[in-house]
Amino acid sequence: LEVTVETVKSLPKMDGGIFGKCDPYVVLSFEGVEHRTQTHKNTYDAEFNETFALDVDDASKGVRSDSLVTVWDWDTASKDDEVGQFSIPAARLSELFRASIGSSGSETFTLIADGRVVVGHDRNKCTVVLHVKVCDVPVAFPNITPSSDAKGPRRLDITVAS
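Just so it is clear, the model here is predicted, and its values are computed rather than measured.

Focus: a nonpolar patch on the surface
Then, in step 1: A grouping of Ile112, Val117 and Val119 is seen on the molecular surface, where their side chains present a nonpolar patch of about 220 Å² in accessible area.
Then, in step 2: Note that Val117 resides in strand β9 (residues 116–117).
Then, in step 3: Classification of Val117 by relative accessible area gives partly exposed; the value is 41%.

Details of the packing of aromatic side chains
Then, in step 1: Per the counting criterion, the structure on display carries two aromatic pairs.
Then, in step 2: It is Arg36 that lies over the ring of Tyr25; its NZ or CZ is 3.6 Å from the centre.

Things to note about the pattern of salt bridges
Then, in step 1: Overall, the coordinates contain two salt bridges when judged by the stated rule.
Then, in step 2: Linking Glu95 and Arg92 is a salt bridge whose minimum nitrogen-to-oxygen distance equals 3.0 Å. With Glu95 and Arg92 both in helix α1 (residues 90–97) and three residues apart, this pair spans about one turn of that helix.
Then, in step 3: Given the relative accessible area of 44%, Glu95 is considered partly exposed.
Then, in step 4: Arg92 gets classed as partly exposed once you look at its relative accessible area, which sits at 39%.

Here's the deal with the sheet that holds strand β1 (residues 2–9)
Whether parallel or antiparallel, the strands of a sheet pair through hydrogen bonds between backbone atoms.
Then, in step 1: Here four strands make up an open sheet; going across it, the order is β4-β1-β10-β7 and the pairing antiparallel. Every other strand in the sheet has two partners, leaving β4 (46–53) and β7 (104–110) as the edge strands with one partner each. Looking at each pair of strands side by side, their axes are set apart by 20 degrees on average, direction ignored.
Then, in step 2: One ladder, built from seven bridges, connects β7 with strand β10 (residues 127–133); its direction is antiparallel. Across the sheet, the residue bridging to Thr110 is Thr127, located in β10.

Quick word on α1
Then, in step 1: Regarding α1, the residues found buried are Ala90, Leu93, Ser94, Leu96 and Phe97. Projected onto a plane normal to the axis of α1, the buried residues spread over an arc of 160 degrees and lie on a single side.
Then, in step 2: Where α1 is buried, its residues meet β2 (24–30), β5 (67–73), β6 (81–88) and β10.

Side note on unusual backbone geometry
Then, in step 1: Here the phi dihedral of Glu31 falls at roughly 50 degrees; this positive angle occurs in a residue that is not glycine.
Then, in step 2: Mapping Glu31 onto the fold places it in the loop between β2 and β3 (33–36).

Side note on the nonpolar core
A general feature of soluble globular proteins is that nonpolar side chains tend to end up buried together.
Then, in step 1: Counting 32 residues, the largest nonpolar core has Leu1, Val8, Val71, Phe86, Leu111 and Leu130 as the members making the most contacts within it.
Then, in step 2: The element that contributes the greatest number of residues to this core is α1, accounting for four residues.
Then, in step 3: What Leu1 contacts, discounting residues up to four positions off in sequence, is Phe52, Ala53, Leu54, Leu96, Phe97, Val132, Lys133, Val134 and Cys135.

The rules behind these values
- Residues numbered from 1 in each chain as written.
- Predicted model: local features only at pLDDT ≥ 70, side-chain atom pairs only at ≥ 80, totals over all residues.
- Heavy atoms only, no water.
- Patch = residues over 30% accessible without salt bridge, like charges linked within 9 Å, V, L, I, M, F, W, Y side chains within 5 Å.
- Areas by Shrake-Rupley, 256 points an atom, 1.4 Å probe, with all protein chains shown as cover.
- Salt bridge = Lys/Arg side-chain N within 4 Å of Asp/Glu carboxyl O.
- Helix = DSSP H or I, 4+ residues; strand = E, 2+ residues; numbered from the N terminus.
- Buried < 20%, exposed > 50% of the residue type's maximum accessible area, 1.4 Å probe, protein only.
- Phe/Tyr/Trp six-rings, centres within 6.5 Å; stacked < 30°, edge-to-face > 60°.
- Lys NZ or Arg CZ within 6 Å of the ring centre and 35° of its normal.
- Pairing = 2+ DSSP bridges.
- Axes fitted to C-alpha atoms, helices over the stretch in contact; angles between N-to-C directions.
- Arc of directions from axis to C-beta.
- Contact = heavy atoms within 4.5 Å.
- Core = buried A, V, L, I, M, F, W, Y, C linked by side-chain atoms within 4.5 Å.

From the geometry alone we can't say anything about function, so treat these as descriptive.
In structure tokens:
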């Protein structure tokens, strides 16, 4: 499954001062692994368009836990501030993994902080747009097939070409 963090819109003012806006980045937590976007500085609307590959060993078994998407405000001299978050239920992710290869779609999620909808600088709901695409897991060297009569020690030489 490829998940693209497309945009975050209507961010609230997070940094102090007259001109301080928000320096957002997004963290997607999936099955114990965190995927982080780049930080966009001084904005209320960020276009990330960063894609992360999420894999499961067996699509028929699904996903064990919900995924959490958190938007953070990067700070230079202090701890980063959480803007808000939302979760994608494990049951829904499991359905997505079982969808047809090549299927894709986008969805808009509303950020929540302290049990409330995050309201942006423009008084609109702060939203995150994610795009998902169902993909095959890449197979290394698909044109090489195992031989049933292979015996004895073997060596695999790998050359990294650029």
